[in-house]
Amino acid sequence: MIIPAIPEVTYDLIKYYEGCYLTPYRDPAGYWTVGYGHLLTLDRNAPRSPKIDRTEALAFLASDVAQTAQNVCSLILAPCSPYLYAALLDFTFNMGSVMLRAF
């Protein structure tokens, strides 16, 4: 599977909608999250992790978007424009690949 280059606008979309939180917080589902929506653990009973810095937040974001791109490319077989690809990456980053499969 060939993963196309991730359009820079993808990061802009995610940063805009997620915001950056350097102190871990519980997301709406109750999981510890940090940075630009980086899931720390699926253990709701885990203690709060330490704060991170902006460099770590960006590293988590790059890793998470790369994983999201793999998931999107495994589900979307037709070619798409860079802007559609960025929108699909943003959607999947926020909602998960299970929701992308639903469409």
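Keep in mind that this is a model prediction, so the values were computed, not measured. (Residues numbered from 1 in each chain as written. Predicted model: local features only at pLDDT ≥ 70, side-chain atom pairs only at ≥ 80, totals over all residues. Heavy atoms only, no water.)

Trainee: So what exactly am I meant to see when it comes to the side chain of T10 here?
Mentor: Relative to the helices and strands, T10 is located in helix α1 (residues 8-18). Among residues more than four places away in sequence, those in contact with T10 are V65, A86 and L89. (Helix = DSSP H or I, 4+ residues; strand = E, 2+ residues; numbered from the N terminus. Contact = heavy atoms within 4.5 Å.)

Trainee: In this structure, what is going on with the nonpolar core? I would like to understand it.
Mentor: The tendency in soluble globular proteins is for nonpolar side chains to be buried as a group. In terms of nonpolar packing, the biggest core is built from nine residues, these being Y11, I14, V34, Y36, I52, A57, L61, V65 and F93. Examining the composition of this core, we find that three residues originate from one element, helix α2 (residues 54-75), more than from any other. Apart from residues lying up to four places away in sequence, A57 is in contact with C20, L22, G35, Y36 and I52. V72, C73, Y85 and L89 belong to the second-largest nonpolar core, a separate cluster that totals seven residues. (Core = buried A, V, L, I, M, F, W, Y, C linked by side-chain atoms within 4.5 Å. Buried < 20%, exposed > 50% of the residue type's maximum accessible area, 1.4 Å probe, protein only.)

Trainee: What exactly am I supposed to notice about the side chain of D64 here?
Mentor: For D64, the position within the fold is in helix α2. Although buried, D64 forms no salt bridge, and the nearest oppositely charged side chain, K15, lies 13 Å from it. Setting aside its immediate chain neighbours within four residues, D64 contacts H38 and F93. (Lys, Arg positive; Asp, Glu negative; His and termini not counted. Salt bridge = Lys/Arg side-chain N within 4 Å of Asp/Glu carboxyl O.)

Trainee: Even after reading the chapter, I still don't get the layout of surface pockets, so can you show me in this structure?
Mentor: Where empty space is left becomes clear once a probe the size of a water molecule has been rolled over the atoms. When its volume is computed, the largest pocket comes out at roughly 500 Å³. Contributing elements (two or more residues each) for the lining of the largest pocket: β3 (38-39), α2 and α3 (82-95). Examining the composition of the lining of the largest pocket, we find that three residues originate from one element, α3, more than from any other. Taken together, the residues of the lining of the largest pocket break down into eight nonpolar, six polar and three charged. One number sums up the size of the second largest pocket: a volume of about 200 Å³. Lining the second largest pocket are 15 residues; nearest its centre among them are P4, C73, A78, C80 and Y85. Those elements that provide at least two residues to the lining of the second largest pocket are α2 and α3. (1 Å grid on protein atoms, 1.4 Å probe; cavity = no way out; pocket = protein on both sides within 12 Å on 5 of 7 lines; lining within 4 Å. Points joined across faces, edges and corners; volume = space filled by probe spheres on them. Nonpolar A, V, L, I, M, F, W, Y, C, P; charged D, E, K, R; others polar.)

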